[in-house]
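# A structural walkthrough
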Amino acid sequence: MQTLTINIQNETLMEKVLWMLEYFKNDGLEISSKEDVKDLKLLKATRDEEKVSFESYLKNEN
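These remarks concern the structure in this document.

## Comments concerning the overall build of the protein chain
Scanning the protein chain from N- to C-terminus turns up three helices and zero strands. What you see in the protein chain, going N to C, is helices and strands ordered as α-α-α. A compact globule built from 62 residues should have a C-alpha radius of gyration of about 11 Å, whereas the protein chain, at 18 Å, is more than 25% larger. By residue count, 0% of the 62 residues in the protein chain fall in the buried class.

## Quick notes on the packing of aromatic side chains
Summed over the entire model, instances satisfying the criterion amount to one aromatic pair. Ring centres of tyrosine 23 and phenylalanine 24 lie 5.1 Å apart, and the angle between their planes is 85°; on these two criteria the pair is classed as edge-to-face. When its relative accessible area of 36% is taken as the criterion, phenylalanine 24 is described as partly exposed.

## Some points on the layout of surface pockets
Empty space within the largest pocket amounts to approximately 920 Å³. As for the largest pocket, its lining consists of 22 residues, and the residues nearest its centre are Leu4, Thr5, Ile6, Ile31 and Ser32. Residue composition of the lining of the largest pocket, by class: twelve nonpolar, seven polar and three charged.

Criteria and thresholds
Residues numbered from 1 in each chain as written. Predicted model: local features only at pLDDT ≥ 70, side-chain atom pairs only at ≥ 80, totals over all residues. Heavy atoms only, no water. Helix = DSSP H or I, 4+ residues; strand = E, 2+ residues; numbered from the N terminus. Rg over C-alpha atoms; globule rule 2.2 N^0.38 Å. Buried < 20%, exposed > 50% of the residue type's maximum accessible area, 1.4 Å probe, protein only. Phe/Tyr/Trp six-rings, centres within 6.5 Å; stacked < 30°, edge-to-face > 60°. 1 Å grid on protein atoms, 1.4 Å probe; cavity = no way out; pocket = protein on both sides within 12 Å on 5 of 7 lines; lining within 4 Å. Points joined across faces, edges and corners; volume = space filled by probe spheres on them. Nonpolar A, V, L, I, M, F, W, Y, C, P; charged D, E, K, R; others polar.

Pasting the structure below:
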């Protein structure tokens, strides 16, 4: 898989570029924001961590 990063400062231009890229989704194009990729990497890193029950999480939320 190839990764391409595009930095767009103008909101209007960003909307136009995303509109154009939507056309290629049926061909396998995946559109992710930089923030989404960071979040996914953080989530992946937690896969090997010990699991904590939700009740235990709530007890220790503070």
